Structures are given as structure tokens and as C-alpha cells.
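Structure assessment
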Amino acid sequence: MNSTTNVLCIGAGYVGGPTMAVIADRCPNVRVTVTDINAERIGAWNSDRLPIFEPGLDEVVRRARGRNLFFSTDVAGGIRAADIIFVSVNTPTKLFGQGAGRAADLQYWEKTARQILEESDHGKIVVEKSTLPVRTAEAMARILKSNSRGLRFQVLSNPEFLAEGSAVKDLEAPDRVLIGSEETEEGQRARRALVDIYARWVPEDRIIQSNIWSAELSKLTANAFLAQRISSINSISALCEKTEADVDEVARAVGTDSRIGPKFLKASVGFGGSCFKKDILNLVYIAESYGLSEVARYWEAVVRMNEWQESRFVHTMVASMFNTMAGKRIALFGFAFKANTGDTRESPALAVATDLLAERAHVVVTDPKALDNAREDLAGVDGNLVFERDPYAAAAGAHAVAVLTEWDIYRTLDYRRIFNSMIKPAFIFDGRNILDHQALHTIGFNVYSIGKMPLTTV
Ligand SMILES: NC(=O)c1ccc[n+]([C@@H]2O[C@H](COP(=O)([O-])OP(=O)(O)OC[C@H]3O[C@@H](n4cnc5c(N)ncnc54)[C@H](O)[C@@H]3O)[C@@H](O)[C@H]2O)c1
């Protein structure tokens, strides 16, 4: 790697920002610029208050920013200077036209491809970092080849496997890095250039190289498998509640089988995040477009099970609280889709809050990092809704508390104090199975959790 390698990332979001910060931190001789059309976001990356919360991210950015890590709104200038361009723009579910509600909306992606072509005065390596439908690289390559200036581009697929909440850890010590390329000589050379960057801190045996279609499809498949495990254990949680089996005991017994493994077997109110649902629906759409309707139905069921689990949670709340929520104060502990992030995209809390407001409950939302996003998400939803930073204040005067995010702080609250401040009979619904249910019952709560028999007092 020579000392003048210029890396550009287009898209300064949850993936682009942390990924590039770690590359810059680990490769001081690579100049990394992260660009975005969202000036506010870039302003935040250049400030002391980064636009996203990730444990350890502030330190990494502080070490590299201004040295070989730069954040800028000048996308065009960045493209001209770059040798390697990562494209990490959003690829949400399409909301209109053909494939609405399932296919990936590739408008941001295609605009970026065209802008790269327009601004380039020499050939470049273009890296798909966004999660894309399999064979998108073909479209990208065709757009980039449509120039009469003799510019040659190589498209690589390098999907990102980081998990929000542990992004820095995942990037610094990844299970694997996946790089797919065309099997041509030029493709292999481009692949090598990217391997050389990662090899600065990732052991080479963890850098998997493959053909480009395998790389694209692997990312969709990995997310589908992860989500499928959650929907699988959640489906069993419903059966546990009918049969006096305990889902945590079942998960433990099942997960100790080395062929299955213990991870992603925690029953809960449901999975969220910007990726699982969108990527599975995208997989469903792709399968359908190849006429593989059995494959499509199989994966679609993972998403349907998740939606059912969310609505089942609210159904349990309503049924156990005497079939009426109207006028009752309900404190939601957590709004982020998981702990250690402020991200609320597709959070089950959004579905639960919306359903409770439709039941005319008075909803109080508390979360240590996600209140700003929660406010935005619920802006258009009618009903009696307040936001409260302090969980004790949120619970005071409430008929029920529902734990929706597995934040550590919720494990260690003084639940006797909370109980004393609530309307009786007091209910607690543990949507993450993180609390000591027996202790809560002893305090006097009616305790409902996922996949276990309720502990009731009245
Ligand atoms: N969030 C995750 O945990 C995660 C993990 C792995 C992969 N991914 C994938 O990575 C991609 C990005 O996800 P994200 O969560 O970072 O999204 P994000 O919405 O946080 O960030 C995308 C950014 O791209 C910018 N953008 C869009 N069009 C642009 C353009 N033409 N020029 C410059 N900037 C532009 C947007 O303004 C936005 O800031 C998606 O395909 C996603 O599926 C996400």
C-alpha cells in the first residue's frame, strides 16, 4: 500500500462513519474522507457530539479525525480525489411502484453510481458496502462502463457485518471480512488492494474472498439466518406460555448442542433494527422474481412471526389488565431497538407504543439514548404521549411498566421504589426477559414475561 491511497466513503451513517473511522485509525497512511449530502450529519461528525452513539466510537474518531480522517459534504471533490470509493448509502425498502414493501429502493445507490461516473477523471475501485440485492454489482458495473472516456472501474462487494451497539468492537476484531470481486485479472487485483487495507489489522485467514455474487448474497443470507433464530425461539415462547415450559430453559437446553450454539436464542418482544426486516423482504422479493415462491414464503414467515410476536405482547398486556387500557399510564422502559444504541429504526417499541396509543393508554417513553429518535418516530401518532429521561419519574403513577430494550440500567433499578410509586395492582411486562421475575413478584408486582407462566397477585 503506497502512502497516497485516498479512500472515500459516500454515506456517513451507522455503517459509513464507524467503518471508515476504524480504517483510518488502523491505517495511518491511508487518507480517509467520509462524505454525505446531509450537512447536519457531517457537522455532527466534525463536532464533539457524534451523530450516532456507539461504545468506543468517540475515542476512535478523536484519534484519527484531522489526521487522516475527514468528514465533508463535498461528495464530488471526494470522488475526484479517490482511488477507492466505498458506497454506504441507505438502501431502504421500496415504498412505491413495483416491489413496493419488499424490494430494495436503489435510487440512492444508482444516483451515487452516476455521480461517480460523472466526476471521475481516472478509473477507480468502487466497493459496495451497503447491503444490496444479489447481482446489483452488475448494474453498477454497467453504469460505470457506460463512458466514452475509456475509464475503467472495478466493482467489489464488501458487505458490512457489524452489529449496532458493538460496532467498534466488531470492526476492530471481525469474525470475518468478506470481499467479492469479478474473477478476472483486474477484478483480482482490485480485490487484493482492498485485502491489503484490511490485512493491516485483520488476520488474513479471516478475510474471505469470493465471487461477487456470493458476497452480495451472503450478507442477505446472514441477516436472514440471524432473524430466523429469533423468530424460531419466539415461536416457541408462545408455546411455552401455553404449556408451563420456560423458554429460557428450553433455549439453554437447545443452545448447548454444539451444532446449534447459544447465540441469538433469546426470546423477546421481537427483533428490530434497520436491516433484518428489510433484508429478508428483499430476499423474498428476489426469490419471487426468480419464480422461487416456496423459498419466498419460507423466509417471509420469519418477518410475519416477528410482527405477530410484537402484537402478541400488546395483546397480553391488554388481556391481563382487565381488557382495557383507556386512560391508564403505561411506562415503556426503552425505545432503542437494542441496548447500547440510540437507533430506533424498526424497533418493536414503536409497534408497542402505537398499539397502546390506539388503545387510548397514556404512554410514557423513557430511554437513556434514544429519546430524540423516539420523539421523531412518534411525531405523527395521535394520543396521550410523553417522554421522560428518568425511569423512576416515568413509572410514577403508572399502572404498568413494559421493558422493551435490554439496557443494563433496567436490571438494577430499585423496583420496590418503583412499585411504591405505581397505581395498584401494579403490572410489569418484561419484553426482554432481563429482570428477576421472582423478586418482582415478591415485591407485589403482577409479572408477565416472554415464554414463561405469569406470576400474578390478583
Ligand atoms: N445499520 C447497520 O447496522 C448496518 C449493518 C450492516 C449493513 N448495513 C447496510 O449499510 C447501508 C447503510 O446503512 P446505514 O445504517 O449506515 O444507513 P444510514 O441511513 O444511517 O446512512 C446512509 C447515509 O447515506 C447518505 N446518502 C444517501 N444518498 C447519498 C448520496 N447520493 N450522496 C451522499 N450521501 C448519501 C444519507 O444522507 C445517510 O446519511 C444499508 O445498505 C444497510 O443495509 C447497515
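First, a word on what this report is: a plain description of the structure on this page. None of these values were measured; they are calculated from a predicted model. All chains use their own residue numbering, which begins from 1 and follows the written sequence. Residues qualify for local features only when their pLDDT is at least 70, as the model is predicted, and side-chain atom pairs are given and counted only at 80 or more; totals for whole chains, interfaces and linings, by contrast, use all residues. Each side-chain value is derived from all of the structure's non-hydrogen atoms; neither hydrogens nor water enter the calculation.

**Details of the packing of helix α11 (residues 276-289) against helix α12 (residues 293-320)**
- Close contact between α11 and α12 brings their axes to 8 Å; oriented N to C, the two are set at 155°. Of the possible angle classes, the one that applies to α11 and α12 is roughly antiparallel. Here α11 and α12 pass one another in a crossing that is left-handed. Along its contact with α11, which presents K277, I280, L281, L283, V284, A287 and E288, the element α12 presents V295, A296, R297, W299, E300, V302, V303 and E307.
- Residues are grouped as follows: Ala, Val, Leu, Ile, Met, Phe, Trp, Tyr, Cys and Pro are nonpolar; Asp, Glu, Lys and Arg are charged; all remaining types, including Gly, are polar. Here the contact of α11 with α12 is built from residues that sort into ten nonpolar, no polar and five charged. Under this scheme, a helix contributes an axis fitted over its contacting stretch, all axes are lines through C-alpha atoms, and angles between N-to-C directions fall in the 0 to 180 degree range. In this text, helices come from DSSP runs of H or I with a minimum length of four residues, and strands from runs of E with a minimum of two, each type numbered from the N-terminal end. Every angle not falling under 35 degrees, over 145, or within 65 to 115 is termed oblique; those three ranges are roughly parallel, roughly antiparallel and roughly perpendicular. Less than a right angle of anticlockwise turn of the near helix away from the far helix marks a crossing as left-handed, whereas a clockwise turn marks it as right-handed. By definition in these notes, contact holds between two residues if any of their heavy atoms fall within 4.5 Å.

**Some points on the site of the ligand**
- One heavy atom within 4 Å of a molecule or strand makes the whole residue count as near it. Residues in close proximity to the ligand total 25 residues, the closest being D36, R41, T91, E164 and K278.
- Side-chain polar atom of D36 to an oxygen atom of the ligand: 2.6 Å apart, as the coordinates give it.
- In the analysis that follows, any N or O atom pair within 3.5 Å is treated as a polar contact, provided that within protein one partner can donate a hydrogen and the other can accept it, and provided that, for residues neighboring in sequence, both atoms belong to side chains. The separation between an oxygen atom of the ligand and a polar side-chain atom of R345 is 2.9 Å.
- Method for areas: the Shrake-Rupley scheme with a 1.4 Å probe, in which residue coverage is limited to the protein chains shown. Summarising the interface, the protein chains cover 92% of the accessible area of the ligand, which totals 830 Å² for the free molecule.

**Focus: the pairing of strand β3 (residues 69-72)**
- The side-chain alternation of β3 yields one buried face, formed by L69 and F71, and one unburied face, formed by F70 and S72.
- Between any two strands, pairing holds if DSSP finds at least two bridges. By the bridge criterion, four bridges tie strand β2 (residues 31-35) to β3 in an arrangement that is parallel. For V34, the partnering residue across the bridge sits in β3 and is F71. Accessibility here uses a 1.4 Å probe with only protein chains present; expressed as a share of the type maximum, an area under 20% marks a residue as buried, one over 50% as exposed, and anything in between as partly exposed.

**Quick notes on the packing of aromatic side chains**
- Aromatic pairing here means that ring centres of Phe, Tyr or Trp (its six-membered ring) are within 6.5 Å. Orientation follows from the plane angle: under 30 degrees is stacked, over 60 is edge-to-face, and everything else is tilted. Under the definition given, this model contains twelve aromatic pairs.
- A ring pair is formed by F429 and Y448, whose centres lie 5.2 Å apart and whose planes are at 25°; its orientation type is stacked. Remark: Y448 occurs in strand β14 (residues 446-449) and F429 occurs in strand β13 (residues 427-430); sequence separation between them is 19 residues.
- F429 gets classed as buried once you look at its relative accessible area, which sits at 1%.
- On the basis of relative accessible area, Y448 is assigned to the buried category, the value being 14%.
- Within the aromatic cluster, the residues linked to one another by ring pairs are F322, F427, F429 and Y448.
- Placement of a positive charge over a ring is assigned whenever Lys NZ or Arg CZ falls within 6 Å of the ring centre and within 35 degrees of the normal to the ring plane. Across the ring face of F70, the terminal group of R31 is positioned such that the distance to the ring centre comes to 4.2 Å.
- In this structure, R312 packs its charged tip against the face of W308, placed 5.3 Å from the ring centre.

**Concerning empty space enclosed by the protein**
- Using protein atoms alone on a 1 Å grid, points that fit a 1.4 Å probe yet trap it form a cavity, whereas open point sets bounded by protein on both sides within 12 Å along at least five of seven lines form a pocket; residues with an atom within 4 Å of a point count as lining. Grid points are joined across faces, edges and corners, and a volume is the space filled by probe spheres set on the points. Here the structure, examined in full by the defined rule, presents three cavities of 30 Å³ or more.
- Volume-wise, the largest cavity comes out at about 70 Å³.
- Around the largest cavity sit E241, Q309, R312, F313, T316, F429, Y448, S449 and I450, which together line it.
- Sort the elements by how many residues they give to the lining of the largest cavity and α12 lands first, with four residues.
- Partitioned by chemical class, the residues of the lining of the largest cavity number four nonpolar, three polar and two charged.

That is the geometry; function is a separate question.
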